[in-house]
Amino acid sequence: MEPLGVHVRVDAAGNLRGLYSAAQPHAPRLLIGSHLDTVPNAGAYDGILGVVLAVALLEELQGRRLPFSIEVVGFSEEEGVRFGTAFIGSRALVGRLDQELLDAKDAQGISVRKALDNFGLNPEEIPQAELGSDTLGYLEFHIEQGPVLESVSQPLAVVEAIAGQSRLEFTFCGSANHAGTTPMHLRCDAIAGAAEWIGIVERVAQEVPGLVATVGKIEAKPGAANVIAGEARLTLDVRHSSDEIRTLAVEDLTRQAQGIATRRGLTVRENTLLSQRAVAMDPFFIGEIEQAILKTGCKLHRMVSGAGHDAMILAEKVPAAMIFLRTPGGISHDPAESVAGADVEKAIECGLHLLDQLASSPEFHKRINRA
Ligand code: HGY
Ligand code: MN
Ligand code: MN
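To keep things clear, this report deals only with the structure shown in the data block. Since this is a predicted model, take the numbers as computed values, not measurements.

1. Topic: the coordination of the manganese ion (ligand 3)
Phase 1 of the analysis: Distances from the manganese ion (ligand 3) to its protein donors, His35 (NE2), Asp46 (OD) and His142 (NE2), fall within 2.1 to 2.2 Å.
Phase 2 of the analysis: Between consecutive donors of the manganese ion (ligand 3), the numbers of intervening residues give the motif H-x10-D-x95-H.
Phase 3 of the analysis: Separation of the manganese ion (ligand 3) from the manganese ion (ligand 2) amounts to 3.5 Å, with Asp46 serving as a shared donor to the pair. Note that Asp46 is positioned in the loop between β3 (29–35) and α1 (48–61) and His142 in strand β5 (residues 135–143), a separation of 96 residues in sequence.
Phase 4 of the analysis: Take Asp46: its relative accessible area is 4%, and that puts it in the buried class.
Phase 5 of the analysis: The class for His142 is buried, based on a relative accessible area of 1%.

2. Structural notes on the site of ligand 1
Phase 1 of the analysis: In the vicinity of ligand 1, the contacting residues are Glu78, Glu79, Gln165, Arg167, Arg239, Ala307, Gly308 and His333.
Phase 2 of the analysis: Within the backbone of Gly308, one N or O atom sits 2.6 Å away from an oxygen atom of ligand 1.
Phase 3 of the analysis: Compared with its free state, where it exposes 210 Å², ligand 1 has 94% of that area covered by protein.
Phase 4 of the analysis: Classifying every residue of the shell around ligand 1 by side-chain character gives 1 nonpolar, 3 polar and 4 charged.
Phase 5 of the analysis: When residues of the shell around ligand 1 are assigned to domains, at least three map to each of domain 1 (2–162 + 278–370) and domain 2 (164–276).

3. Some details on the side chain of His309
Phase 1 of the analysis: Summarising the element assignment, His309 is placed in the loop between β15 (302–305) and α9 (311–314).
Phase 2 of the analysis: Using a relative accessible area of 0% as the deciding quantity, one classes His309 as buried.
Phase 3 of the analysis: Apart from residues no more than four positions distant in its own chain, His309 is found in contact with Glu78, Phe87, Glu140, His142, Gln145, Ile162, Met322 and Phe324.

4. A closer look at the packing of α1 against helix α10 (residues 341–360)
Phase 1 of the analysis: Interaxial distance between α1 and α10 falls to 10 Å at its minimum, and their mutual angle equals 60 degrees. As the angle between them shows, α1 and α10 are arranged oblique. Here α1 runs over α10; the crossing is right-handed. In contact with Leu49, Leu53, Ala56, Leu57, Glu60 and Leu61 of α1, α10 contributes Val344, Ala347, Ile348, Gly351, Leu352 and Leu355.
Phase 2 of the analysis: Of the residues that constitute the contact of α1 with α10, the class distribution is 10 nonpolar, 1 polar and 1 charged.

5. Structural notes on the pattern of salt bridges
Phase 1 of the analysis: Taken as a whole and judged by the stated rule, the model has 26 salt bridges.
Phase 2 of the analysis: Between Asp356 and Arg64 there is a salt bridge whose closest N-O contact spans 2.9 Å. Remark: Arg64 occurs in the loop between α1 and β4 (69–75) and Asp356 occurs in helix α10; sequence separation between them is 292 residues.
Phase 3 of the analysis: Assessed through its relative accessible area of 33%, Asp356 is described here as partly exposed.
Phase 4 of the analysis: Owing to a relative accessible area of 38%, Arg64 belongs among the partly exposed residues under this scheme.
Phase 5 of the analysis: Residues Arg367 and Asp282 are paired through a salt bridge, measuring 3.7 Å at the closest nitrogen-oxygen approach.

How each quantity is defined
- Residues numbered from 1 in each chain as written.
- Chains lettered and ligands numbered in written order.
- Predicted model: local features only at pLDDT ≥ 70, side-chain atom pairs only at ≥ 80, totals over all residues.
- Heavy atoms only, no water.
- Donors = N, O, S within 2.8 Å, 3.2 Å for Na, K, Ca; no water.
- Helix = DSSP H or I, 4+ residues; strand = E, 2+ residues; numbered from the N terminus.
- Buried < 20%, exposed > 50% of the residue type's maximum accessible area, 1.4 Å probe, protein only.
- Near = heavy atom within 4 Å.
- Polar contact = N/O pair within 3.5 Å; in protein donor to acceptor, adjacent residues only side chain to side chain.
- Areas by Shrake-Rupley, 256 points an atom, 1.4 Å probe, with all protein chains shown as cover.
- Nonpolar A, V, L, I, M, F, W, Y, C, P; charged D, E, K, R; others polar.
- Domains from an automatic or database assignment.
- Contact = heavy atoms within 4.5 Å.
- Axes fitted to C-alpha atoms, helices over the stretch in contact; angles between N-to-C directions.
- Parallel < 35°, antiparallel > 145°, perpendicular 65-115°, else oblique.
- Left-handed = near helix turned anticlockwise from the far one by under 90°.
- Salt bridge = Lys/Arg side-chain N within 4 Å of Asp/Glu carboxyl O.

The following block contains the structure:
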């Protein structure tokens, strides 16, 4: 970014921030970006494509300055893998990187605050990472991470809303014992109880249209082949475009976990790590993005995102919008994740049309003058 005349810094939450100034000094800014982190054994495009594509747009401007600045943002942490709760980087920009989140610890007992300090940052300066009133909005280019665009043979889609998501941890506790000497009717087997519940999680989600529920991680203690597990700790990820359906499903699955535990002589405790409401994207940006997509010769496609994104956090403070790129095979969060070069070219072309449209849009100029 620096060869493009961009002023680059890392803010106190570890976010990469690159400001490409406007034609006029002190002009308000449009944010374009995504997240830098990803998941274990991931692909090479989730998140980072949106950051690199933002830089590519600056390159394509070839020094041209607009009536607004462009700030490229690479969020430090979005997935929630290390500390269990997500959106650490983007929450700093909306003023929600609070003490509770800073105290969250990873598997080694290192807190977010300590991790930032170890990275050479000063958590006391996090309030300075918050967006000012000169922010016009946030645009995020991101791979769809699903099969829809491939099924309609379209390279691009505009996102109209992002599904809400709940992330919880359930710990089933029973009695560890000898696998060879303990008769079946005298066991309090934490893994067996958890397994029965996992089957119910899948069945509940299959029965509710649009609901997805996933147990992605299970850890058992003591974790030996010849020992009945005394503890089974599981994660639950529940998503739906309706917050009411999502929360009812979480309440139902929590009740069912307690029922199974009681019947099996186990205990179960639940810890909510994240409850993120569904978020609609900005109608003005959606309209402008659709015009830009049409100019690339592509057909229009609107969709709800099942994956969570930083845009749902930024939308708490500024107008936010997303453009999806087709994901071949619908595979994501896996090394097989890919994107077609031609689709990236279309996305960059769409982004340039969008910037030109915003630069001459009376509505956007009203927003620039109001900022
Ligand atoms: O899991 C998600 O929703 C996204 O990959 N952060
Ligand atoms: Mn992801
Ligand atoms: Mn992502």
